[in-house]
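Geometric and topological summary
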Amino acid sequence: MVPTYNERANIGHLIKSIRQSVPRAGVLIVDDSSPDGTFEEVKRLKKKNGNLHLLLRDRLVKGRGWAGRDGLAKALAMGADAVVEMDGDLSHQPKFIPALVAPLFSGEADVVIGSRYIPGGKDMDRPFHRQLTSNLAKGYLKFILGLKVKDPTSGFRAFSKSALKKIKVKTLKARDPFTVSEILYRCSRAGLKIKEIPIEFVDRTQGTSKLGLSTLLKYLGKALLLRLDLHFE
């Protein structure tokens, strides 16, 4: 399940790479009516890929969080036994998908996180200031939300069907990238088994990052609201 917004330059290569790594997997693209026509490219590719699906959302209600929420719910409705969530900018490499889902099917974990910060993991190509910001954010989130994982901001995760049902994905609130931490917090509070596996994170080469300073500051503020069980969106 891949939420997208203005990823036309990347989406074809990503879908091809997913096919190479997990040929039998269904691929669900959740697009917020991207102005660059990402959804049109997906529609074109659907003609050649029988197991490629598109959930096209209204641009007026766009948002990374709500797209992820709707995508996870749609995957469950389609009968998925496990769902991998990943970004559409090629920073999450499909070659790691088999390692992400293996602990789910072995019963070792309910949720698996692709981690940059455990032995074997790497945070590649990103400038120093972005790595520093990421490190500060993860420390804050672990402290405020009581999360035990090394990489609480990773958006490359795999969930079992039972895990997604237990956290009631349709009720997720975060509209923006804070959804990553909201979901992890719910998983932790629900007592789900969470495992991390090492990945190599590669900074995007096409397009621009959606995560600016103002978004990050709002993200950190919402963590406190979530911990205090106060309203946020």
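Described in the following lines is the structure provided in the data block.

Basis of the calculations
- Residues numbered from 1 in each chain as written.
- Predicted model: local features only at pLDDT ≥ 70, side-chain atom pairs only at ≥ 80, totals over all residues.
- Heavy atoms only, no water.
- Helix = DSSP H or I, 4+ residues; strand = E, 2+ residues; numbered from the N terminus.
- Rg over C-alpha atoms; globule rule 2.2 N^0.38 Å.
- Buried < 20%, exposed > 50% of the residue type's maximum accessible area, 1.4 Å probe, protein only.
- Contact = heavy atoms within 4.5 Å.
- Areas by Shrake-Rupley, 256 points an atom, 1.4 Å probe, with all protein chains shown as cover.
- Lys, Arg positive; Asp, Glu negative; His and termini not counted.
- Charge placed at Lys NZ, Arg CZ, Asp CG, Glu CD.
- 1 Å grid on protein atoms, 1.4 Å probe; cavity = no way out; pocket = protein on both sides within 12 Å on 5 of 7 lines; lining within 4 Å.
- Points joined across faces, edges and corners; volume = space filled by probe spheres on them.
- Nonpolar A, V, L, I, M, F, W, Y, C, P; charged D, E, K, R; others polar.
- Pairing = 2+ DSSP bridges.
- Axes fitted to C-alpha atoms, helices over the stretch in contact; angles between N-to-C directions.
- Core = buried A, V, L, I, M, F, W, Y, C linked by side-chain atoms within 4.5 Å.
- Expected span 1.5 Å × (residues − 1).

**Some words on the overall build of the chain**
Per the secondary structure count, the chain includes eight helices and nine strands. Computed over C-alpha atoms, the radius of gyration of the chain comes to 16 Å, within 12% of the 17 Å expected from 2.2 N^0.38 for 233 residues, which places it in the range of a compact globule. Each principal axis of the C-alpha distribution contributes one length, and for the chain these read about 45 × 40 × 35 Å. For the chain, with 233 residues in total, the buried portion stands at 52%. For the chain, the proportion of contacts with a sequence separation of at least 24, taken over those separated by at least 6, is 78%. Summed over its atoms, the accessible surface of the chain is roughly 11,300 Å², and 56% of this surface lies on carbon and sulfur atoms. With 41 positive and 24 negative side-chain charges, the chain shows a spacing of 3 Å between the two charge centroids.

**Re the layout of surface pockets**
The volume enclosed by the second largest pocket comes to roughly 610 Å³. Lining the second largest pocket are 23 residues, with A25, G26, A80, A82 and V83 positioned closest to its centre. Those elements that provide at least two residues to the lining of the second largest pocket are β2 (27-31), β4 (82-85) and α4 (97-105). Here the residues of the lining of the second largest pocket are counted per class, giving 17 nonpolar, four polar and two charged.

**Looking at the sheet that holds strand β1 (residues 2-4)**
As summarised here, the arrangement of the three strands in space is β1-β2-β3, forming an open sheet in which the pairing is parallel. Looking at which strands have only one partner, the edges of the open sheet turn out to be β1 and β3 (52-56). Direction aside, the axes of adjacent strands within the sheet are offset by 25 degrees on average. As judged from the five bridges shared by β2 and β3, these two strands associate in the parallel manner. Its bridge partner lying in β3, L28 is registered against H53. Of the strands in this sheet, β1, β2 and β3 are in contact with helix α1 (residues 8-21), which crosses β2 at around 155 degrees. The sheet contacts of helix α3 (residues 64-77) involve β1, β2 and β3, and relative to β2 the element is tilted by about 145 degrees.

**Here's the deal with the nonpolar core**
With 24 residues, the main nonpolar core has I18, I29, I97 and F156 as its most contacted residues. Listed in part, the 19 residues of the second largest apolar core include L72, V83, A163 and V169.

**Some points on α3**
Counted at 1.5 Å a residue, the expected span for α3 with its 14 residues is 20 Å, and the 20 Å between its end C-alpha atoms agrees. For α3, the buried fraction is high: 11 of the 14 residues fall into the buried class. Within α3 the residues assigned to the buried category are R64, G65, W66, A67, G68, R69, G71, L72, A73, A75 and L76. Of the residues flanking the end of α3, it is G79, one or two places downstream, whose phi is positive at about 95 degrees.

**Details of the environment of L226**
Among the structural elements, L226 can be located in helix α8 (residues 213-227). The sequence separation of L226 and R186 amounts to 40 residues, and the corresponding C-alpha distance is 10 Å. What L226 contacts, discounting residues up to four positions off in sequence, is L145, F178, E182, Y185 and F232.

**Focus on the sheet that holds strand β7 (residues 157-160)**
Strand order in the open sheet formed by four strands is β4-β7-β5-β8, and the pairing between neighbours is mixed. On the outer flanks of this sheet lie β4 and β8 (194-198), each paired with one strand and no other. In this sheet, neighbouring strand axes are inclined to one another by 20 degrees on average, regardless of whether the strands run parallel or antiparallel. As defined by bridge partners, strand β5 (residues 111-115) adjoins β7 across three bridges and the pair is classed as antiparallel. Pairing of I113 across the sheet is with R157, part of β7.

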